Amino acid sequence: MTPDPHPPGQGEQRLALRVQRRWPLASALGGVGLALLLGWLIMTRGGATSLDAEWMEELVEHRSPFWEVPALVMDFLGGGWFGTFVVPLAVLAVLLITRRRWGAVYFLAATLLSAGLVQVLKHTFGRARPLEILVQSDFGSFPSGHVANAATMAVTLGVIIRLRGVWIAGAVYVVAMLLSRTYLGAHWLTDTLGGFLVGAGVAVILWAPFAHRLLRERQRRREQSSDTAALAESRA
């Protein structure tokens, strides 16, 4: 195991324990914030906003086979049977293999809740997709399920693994997914922003009840790594 380069201090432990003990309040406040942000975006669902229209016009103007290939790759990674089942199950397997049991539970719960909320919102608001769409997609344009999935995965893995590189990779993945969905005409820009809010919001809201358990799990991994290193050194 690789030692944690950022071992949690006592202040972080106290904060995580306090958050977990008060997780209904923390999650409720997060839910209110998420609802307010989503509400603002939902108000724009009845057709393209000027921002949506200008963004789509710019992308359509610059469409080319060169950009279509990576956009279609992101489409495959973020949805369909591969993005819906293979990617989450692969992440879940890696978390379990690396003995991050609580991390796996947190990731699975956030993934399922995010996907469920996306479908509820899609069927509730029924926003039409852009006419410029280049791929086949399911019903409802708001919010983007691809971006929601990407944001959920990015935030949960950032919280679980707690490495700067994971956060950077997650941010790049989310932005690439956002750009690909609008480039392919599968979503308006505000759909992708709504997807980001759903995915990241769910991950943050569910973090509260798992906060201290995730911290303790990271501590145990660090202690096991130290014990393994000490044993190897004594045998050398």
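This structure is a prediction, so every number in the text was calculated from the model and none was measured.

Visitor: What exactly am I supposed to notice about a nonpolar patch on the surface here?
Guide: Together, F76, W81, F85, V86 and L89 make up a nonpolar patch on the protein surface, roughly 550 Å² of accessible area in all. The leading source of residues in the nonpolar patch is helix α5 (residues 80–97), at four residues. Looking at the secondary structure, you find V86 in helix α5.

Visitor: Where do I start with the side chain of D75 in this structure?
Guide: On the secondary structure map, D75 appears in helix α4 (residues 65–78). Assessed through its relative accessible area of 19%, D75 is described here as buried. Other than its neighbours up to four places away in sequence, D75 contacts V135, H146, R181 and L184.

Visitor: Help me understand the packing of helix α6 (residues 101–125) against helix α7 (residues 145–161), please; the structure alone is not making it clear to me.
Guide: To describe two helices that pack against each other, one gives the angle between their axes and the distance between the axes. For the pair α6 and α7, interaxial distance at closest approach is 10 Å and the crossing angle is 160°. Between α6 and α7, the crossing angle belongs to the class labelled roughly antiparallel. The two elements α6 and α7 cross, and the hand of that crossing is right-handed. Of the residues in α7, those in contact with G103, Y106, F107, A110, T111, S114, V118 and K122 of α6 are G145, A148, T152, M153, T156, V159 and I160. For the contact of α6 with α7, the per-class residue count stands at eight nonpolar, six polar and one charged.

Visitor: Whenever I open this one, helix α3 (residues 50–61) confuses me. Can you help?
Guide: Since there are 3.6 residues in each turn of an α-helix, residues three or four apart along the chain are aligned in direction. Compared with the 16 Å implied by 1.5 Å per residue over twelve residues, the 16 Å span of α3 between its first and last C-alpha is a close match. Those residues of α3 that fall on the buried side of the exposure criterion are D52, M56 and L59. Looking down the long axis of α3, one finds its buried residues gathered within 65° of arc, a one-sided arrangement. The exposed residues of α3 that point more than 90 degrees off its buried face are S50, E54, E57 and E61.

Visitor: Can you walk me through the nonpolar core in this structure?
Guide: As a rule of thumb, nonpolar side chains are buried together in soluble globular proteins. Counting residues in each nonpolar core, the largest one holds 32 residues, and the members touching the most others are L95, Y106 and F107. Of all elements in the fold, only α5, α6, α7, α8 (164–183) and α9 (189–235) reach the threshold of two or more residues within this core. Take this core: its biggest share by element is ten residues, from α7. In this structure L95 touches R100, G103, A104, F107, L157 and I160, once residues within four positions along its chain are discounted. A71, V135, Y183 and A186 belong to the second largest nonpolar core, which has six residues in total.

Visitor: Whenever I open this one, the side chain of D52 confuses me. Can you help?
Guide: Along the chain, D52 falls in helix α3. Polar contacts involving the side chain of D52 include one to the side chain of T190, which spans 2.9 Å. Contacts of D52, omitting those with residues within four sequence positions, involve R127, W188, L189 and T190.

Visitor: In this structure, what is going on with the confidence of the model for the protein? I would like to understand it.
Guide: Per-residue pLDDT for the protein averages 82, and the proportion of residues at 70 or more is 74%. Mean pLDDT across the secondary structure elements of the protein bottoms out at helix α1 (residues 10–21), with 56, and peaks at α8, with 96.

Visitor: Sorry if this is basic, but what is going on with the pattern of salt bridges here?
Guide: Pairing of side chains with opposite charge becomes possible as their charged atoms draw close. Summed over all chains, the structure comprises five salt bridges. A salt bridge links R127 to D52, with the nearest nitrogen and oxygen atoms 3.0 Å apart. Here R127, found in the loop between α6 and α7, pairs with D52, found in helix α3; they are 75 residues apart in sequence, far enough to count as distant. For the residue pair R127 and D52, the accessibility class agrees, reading buried in each case.

Rules used throughout
- Residues numbered from 1 in each chain as written.
- Predicted model: local features only at pLDDT ≥ 70, side-chain atom pairs only at ≥ 80, totals over all residues.
- Heavy atoms only, no water.
- Patch = residues over 30% accessible without salt bridge, like charges linked within 9 Å, V, L, I, M, F, W, Y side chains within 5 Å.
- Areas by Shrake-Rupley, 256 points an atom, 1.4 Å probe, with all protein chains shown as cover.
- Salt bridge = Lys/Arg side-chain N within 4 Å of Asp/Glu carboxyl O.
- Helix = DSSP H or I, 4+ residues; strand = E, 2+ residues; numbered from the N terminus.
- Buried < 20%, exposed > 50% of the residue type's maximum accessible area, 1.4 Å probe, protein only.
- Contact = heavy atoms within 4.5 Å.
- Axes fitted to C-alpha atoms, helices over the stretch in contact; angles between N-to-C directions.
- Parallel < 35°, antiparallel > 145°, perpendicular 65-115°, else oblique.
- Left-handed = near helix turned anticlockwise from the far one by under 90°.
- Nonpolar A, V, L, I, M, F, W, Y, C, P; charged D, E, K, R; others polar.
- Expected span 1.5 Å × (residues − 1).
- Arc of directions from axis to C-beta.
- Core = buried A, V, L, I, M, F, W, Y, C linked by side-chain atoms within 4.5 Å.
- Polar contact = N/O pair within 3.5 Å; in protein donor to acceptor, adjacent residues only side chain to side chain.
- pLDDT = per-residue confidence, 0-100.

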